[in-house]
Amino acid sequence: MRVSRFLLLSLLVVGFASAEPLAYPANLFDNIYYIWLLVSVIIYLIVAIPMLYFMIKYRYKKGENEEGVPIHGNHALEITWTVIPLIIVIYLATQSFAFYKKQRTAPPDSMELKVTGFMWGWEVDYPNGKKVFAFFNDKYQIPEEQKIVIPAGKPVKVLLTSRDVIHSFYVRPAKVMEDAVPGRITHLWFQINKPGEYWVFCREYCGTQHSRMVAILKVVPQAEFDKWVNQGVSNQKSL
Ligand SMILES: [Cu+2]
């Protein structure tokens, strides 16, 4: 009975850990977030519980001497409360740096998209020359041909720039964001594993129509993407 319960629990844990996340590198953000949260909660409890206990135990009682016992320092205690936080901080710093490197380095098999922000939309160039202009039309709709189509389960590297002012390209499900700066090329990467439609927002206030800089990322299976990307490549018009 006990063994089977243990096995079931282990299976659940393994299943949870190996389940494919919706998007990369969002899963890395979540992992690092939970590590920081766990460390913070433990430290909070270590401080708060004894504090409450001491507040009650050593509260002032009538007739007691108001001055406490003088304390002249304790080397062992001081070394302990310096070394333990140092180890925790070094651990968090190395974890965060490893995460940062992963989040900044696109996998070598990424598809490269060139994205140029403009007032008020995104111009997207595919490797074969296909172009998509992604923005809300005057009726606040995004027609099918203005959706940014990408294959599911494949990393996408975005090379970003801007034609006018600073915008910011934010891929909501992947939790990644990067500024689009005129005259400069910045980059980010992401991968979405589940087909569907997802939001992209401009996340840097860029003027009166900033709220219109919304794009839809249409994630489709690889075969469907291959068909789509080769459609009408020769007669692209410019905006
Ligand atoms: Cu913008």
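These lines cover the structure that appears in this document, whether it is placed above or below. (Residues numbered from 1 in each chain as written. Predicted model: local features only at pLDDT ≥ 70, side-chain atom pairs only at ≥ 80, totals over all residues. Heavy atoms only, no water.)

Comments concerning the overall build of the chain
So, point 1. Summing up its helical and strand segments, the chain has four helices and 11 strands in all.
So, point 2. Carbon and sulfur atoms make up 64% of the accessible area of the chain, which totals about 16300 Å². (Helix = DSSP H or I, 4+ residues; strand = E, 2+ residues; numbered from the N terminus. Areas by Shrake-Rupley, 256 points an atom, 1.4 Å probe, with all protein chains shown as cover.)

Structural notes on the coordination of the copper ion
So, point 1. Around the copper ion, the protein supplies His167 (ND1), Cys202 (SG), Cys206 (SG) and Met213 (SD) as donor atoms, at distances of 2.1 to 2.4 Å.
So, point 2. Donor residues binding the copper ion come from one chain and are separated in sequence as H-x34-C-x3-C-x6-M.
So, point 3. Using a relative accessible area of 1% as the deciding quantity, one classes Met213 as buried. (Donors = N, O, S within 2.8 Å, 3.2 Å for Na, K, Ca; no water. Buried < 20%, exposed > 50% of the residue type's maximum accessible area, 1.4 Å probe, protein only.)

Notes on the pairing of strand β9 (residues 186-192)
So, point 1. By the criterion of burial, β9 is predominantly enclosed, with six of the seven residues buried.
So, point 2. Of the pairings in the sheet, the one linking strand β1 (residues 23-24) to β9 comprises two bridges and is antiparallel in character. Directly across from Ala23, in β9, lies its bridge partner Ile192.
So, point 3. As defined by bridge partners, strand β6 (residues 156-162) adjoins β9 across five bridges and the pair is classed as antiparallel. Bridging across to β9, Lys157 finds its partner in Trp189. (Pairing = 2+ DSSP bridges.)

Quick look at the packing of aromatic side chains
So, point 1. For the structure shown, the criterion picks out 12 aromatic pairs.
So, point 2. With centroids separated by 6.3 Å and ring planes inclined at 75°, the aromatic side chains of Phe118 and Phe135 adopt a geometry described as edge-to-face. You can see Phe118 sitting in strand β2 (residues 111-118) and its partner Phe135 sitting in the loop between β4 (131-134) and β5 (148-151), a full 17 residues away along the chain. The burial state of Phe118 is the same as that of Phe135; both residues are buried.
So, point 3. Aromatic side chains Trp122 and Phe169 sit 4.9 Å apart centroid to centroid with 80° between the ring planes, which places their arrangement in the edge-to-face category. Of this pair, Trp122 sits in strand β3 (residues 121-125) while Phe169 sits in strand β7 (residues 167-171), placing them 47 residues apart in sequence. Residue Trp122 shares its accessibility class with Phe169, and that shared class is buried.
So, point 4. Each member of the aromatic cluster is reached from another via a ring pair, and the members are Tyr53, Phe54 and Tyr58.
So, point 5. The residue whose ring lies beneath Lys130 is Trp228, and the NZ or CZ to ring-centre distance is 4.5 Å.
So, point 6. For the cation-ring pair, Arg203 lies above Tyr170, with the distance from its terminal atom to the ring centre recorded as 4.0 Å. (Phe/Tyr/Trp six-rings, centres within 6.5 Å; stacked < 30°, edge-to-face > 60°. Lys NZ or Arg CZ within 6 Å of the ring centre and 35° of its normal.)

Considering the side chain of His167
So, point 1. Along the chain, His167 falls in strand β7.
So, point 2. Of the polar contacts made by the side chain of His167, one reaches the side chain of Asp164; its length is 2.9 Å.
So, point 3. Every residue in contact with His167, bar those within four places of it in the chain, is listed here: Gly117, Phe118, Met119, Trp122, Ser162, Glu178, Asp179, Ala180, Cys202, Glu204, Cys206 and Met213. (Polar contact = N/O pair within 3.5 Å; in protein donor to acceptor, adjacent residues only side chain to side chain. Contact = heavy atoms within 4.5 Å.)

A word on the sheet that holds β9
So, point 1. With respect to topology, six strands assemble into an open sheet ordered β1-β9-β6-β2-β3-β4, the strand pairing being mixed. Each having just a single partner strand, β1 and β4 make up the two edges of the open sheet.

With respect to the environment of Pro173
So, point 1. Among the structural elements, Pro173 can be located in the loop between β7 and β8 (176-180).
So, point 2. Note on Pro173: relative accessible area 14%, which makes it buried.
So, point 3. For Pro173 and Trp199, which are 26 residues apart along the polypeptide, the C-alpha to C-alpha distance reads 7.5 Å.
So, point 4. In this structure Pro173 touches Leu22, Ala23, Ala26, Ile192, Tyr198 and Trp199, once residues within four positions along its chain are discounted.

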